[in-house]
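Residue-level structural notes
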Amino acid sequence: MVIKTIQTQPFTDQKPGTSGLRKKVSVFQKPHYLENFVQSIFDSLEGYQGQTLVLGGDGRYYNRQAIQIILKMAAANGFGRVLVGQGGILSTPATSAIIRKYDTFGGIILSASHNPGGPDRDFGIKYNISNGGPAPEKVTEAISNRSKEINSYKIFEAPDVNLDTLGEIKIGDMLVEVIDSVADYAELMQSLFDFDRIRQLVTNGQFRMCVDSLHAVTGPYAHNIFEERLGAPPGTVTNGKPLEDFGGGHPDPNLVYAHDLVEILFGNNAPDFGAASDGDGDRNMILGRQFFVTPSDSLAILAANAKLVPGYSSGLAGIARSMPTSQAPDRVAKQLGIECYETPTGWKFFGNLLDADRATLCGEESFGTGSNHIREKDGLWAVLFWLNILAVRQQSVEQIVTEHWQTYGRNYYSRHDYEQVDSDRANTLITSVRAMLPTLKGKQYGSYQVEYADDFSYTDPIDGSVSQKQGVRIGFTDGSRIVFRLSGTGTQGATLRLYLESYESDPAKQNHDPQEALAELITIADEIAQIHKLTGMDKPTVIT
Ligand code: VG1
Ligand code: CO
């Protein structure tokens, strides 16, 4: 076995987006492409000699090949040890948990999350730091800068490691430990939630639930936690075997892509509870019988009920939500007398707040919820949190949500995505809305009057770092909002996201379809941004 130094040329497109670098598999398969990026990560870190790295992915196509390359590069660059998930499998939340539990230097997660997988689809890679969370912007910028000037990388010439058998093997001086992908994570969940109480609920013969892993990474975790540890009947977890192409679907837990689950929960004789998670296991969708819980409401409800859950019984230090997430959690925070922080989109912005114990629960409208137990959002954690609440309150999902609205009011919410828009057109749209911002204040649109219009800028309260241009927002005097953003996770063209929110305090008016309740705002958004004209699309591709 020898260390080789390979000469290479920089690629110009290795700037990480909202959550790591995501490209078509064929891009990652270009000679030196993955290697350049991995070496750029290592070159941007300091003090990792002899340290431990965690490595795993969501099992998508190219996961195993990438892991072999990264192991050999980690060894050649001087890491002391790598903990790699069995079969190359580690969910994003499990990786975060393992980094923290074993106090490792950092971790590399191979995933393009909810993007489809397969030879013609997407692959991705992201680096997480020693707190278990996504690398903050100063690190991703360093990686991106390094990738533009890199001219060589180091790799061990060594045989592939058997990833399927637990145990240890060496590459040069570096120890590779193939670890159980599930155990550490499942134990952490058991330490936070009342498993005895949840077990009583899911085995009482009355309560029925379905957990759809969409052939992505949570399958082994969900089987272990729900069926083995909690005793739910076999078959509770569906699509529980991770497949390289996720069975051809989008591993995205929303009403559009998790349609099989949606049909079950909205069909005849529907079960009481349904949940799904995404490719890498950090997102969740929560459904009751004939009932959908909007992710923003979910965060608010978890916060309002946190004291019912052992891991949070002493209360919350604060809540944090991404800017486009609805203001429902703000109302709970106000009632609890705690702060609700508003951050840019992407979990990396929650890290400092969690580390400084300013926030305990965090969430995003994009089906992401989590807490200070790790530094990533966590799909199955959210499912267990809901089950714990249901077990204590002995009410249905619908009852819990509607009572929440009666107490706090309802924030009607929806996101409209326009996918695969021509990038120039999408940029024109955002640029022209930005240019209009100074003129909008005070303007009347139908029954809405603009109170403020700005481009969201965030100053991190802990380290003072500033992130600008994080989404254009237009707020109205009654608290309603319209937000425009371009996605930072896509791999084809641009995706325009339009986020819509309005507030209804009257319980008699809280049972409308959000698309109807938001209809006027939807029209106003088009009037302001000329979405249909500029995208050439007459309706969104996905509505959540
Ligand atoms: C999307 C979501 C964002 C989330 C990100 C990563 O980003 O909007 O809330 O943090 O995906 O989630 P964007 O830039 O496309 O809007 V995941 O589960 O894909 O790692
Ligand atoms: Co994800």
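Remember, it's a predicted structure, so these values are computed and weren't measured experimentally. (Residues numbered from 1 in each chain as written. Chains lettered and ligands numbered in written order. Predicted model: local features only at pLDDT ≥ 70, side-chain atom pairs only at ≥ 80, totals over all residues.)

1. Some details on the site of ligand 1
Around ligand 1 there are 18 residues in total, and Thr18, Ser113, Ser366, Ser487 and Thr489 lie nearest to it. Among the residues making up the shell around ligand 1, the classes are represented as one nonpolar, 12 polar and five charged. (Near = placed C-beta within 6 Å. Nonpolar A, V, L, I, M, F, W, Y, C, P; charged D, E, K, R; others polar.)

2. Concerning the UniProt feature "domain: Alpha-D-phosphohexomutase alpha/beta/alpha" (unreviewed entry) in the chain
Here the UniProt-annotated "domain: Alpha-D-phosphohexomutase alpha/beta/alpha" (unreviewed entry) positions come out as residues 14-153, 184-287 and 296-408. Along residues 296-408 one finds 44% helix and 16% strand; the C-alpha atoms at either end are 13 Å apart. (UniProt positions renumbered as here; feature names shortened; annotations may be inferred. Helix = DSSP H or I, 4+ residues; strand = E, 2+ residues; numbered from the N terminus.)

3. Considering the pairing of strand S9 (residues 174-179)
Bridge count for strand S4 (residues 81-89) against S9 is five bridges, and the pairing is parallel. Pairing of Leu83 across the sheet is with Glu177, part of S9. Here five bridges tie strand S8 (residues 167-171) to S9, and the two strands are oriented antiparallel to one another. When the bridges of S9 are listed, Lys170 appears paired with Leu175. A loop of two residues connects S8 with S9, the two strands running antiparallel in sequence, and Gly172 in this loop sits at a positive phi of about 60°. (Pairing = 2+ DSSP bridges.)

4. A short note on the domain arrangement of the chain
Examined at the domain level, the chain breaks down into domain 1 (2-181), domain 2 (185-408) and domain 3 (410-543). The C-alpha-based centres of domain 1 and domain 3 are spaced at 35 Å. Facing 11 residues of domain 1, the contacting portion of domain 3 comprises five residues. Counting residues per element, the side of domain 1 that touches domain 3 draws most heavily on strand S2 (residues 21-24), which supplies three residues. Its residues assigned to classes, the side of domain 1 that touches domain 3 comprises no nonpolar, five polar and six charged. (Domains from an automatic or database assignment. Contact = placed C-beta atoms within 7 Å.)

5. Considering the packing of helix H2 (residues 33-43) against helix H5 (residues 137-147)
Their axes nearest at 8 Å, the elements H2 and H5 cross at an angle of 125°. With respect to each other, H2 and H5 are oriented oblique. Two packed elements cross with a definite hand, and for H2 against H5 that hand is right-handed. Facing Asn36, Phe37, Ser40, Ile41 and Asp43 of H2, the residues of H5 in contact are Ile143, Arg146 and Ser147. Its residues assigned to classes, the contact of H2 with H5 shows three nonpolar, three polar and two charged. (Axes fitted to C-alpha atoms, helices over the stretch in contact; angles between N-to-C directions. Parallel < 35°, antiparallel > 145°, perpendicular 65-115°, else oblique. Left-handed = near helix turned anticlockwise from the far one by under 90°.)

6. Some points on the sheet that holds strand S6 (residues 122-128)
Read across the sheet, seven strands follow the order S2-S6-S5-S3-S4-S9-S8 without closing on themselves; strand pairing throughout is mixed. Of all strands in the sheet, those bounded by a partner on one side alone are S2 and S8. Each strand of the sheet is rotated relative to its neighbour by a mean of 20°, with strand direction disregarded. Here five bridges tie strand S3 (residues 52-57) to S4, and the two strands are oriented parallel to one another.

7. A few points about unusual backbone geometry
Look at Gln290: it is not a glycine, yet its phi comes out positive at around 50°. One can find Gln290 in the loop between strand S13 (284-288) and strand S14 (291-293). Judged by local crowding, Gln290 falls into the exposed class, with 12 C-beta atoms found within 10 Å. The phi dihedral of Gln530 falls on the positive side, at around 55°, and the residue is not glycine. Among the secondary structure elements, Gln530 is positioned in the loop between helix H17 (519-529) and helix H18 (531-535). (Buried ≥ 20, exposed ≤ 12 C-beta atoms within 10 Å, placed from the backbone.)

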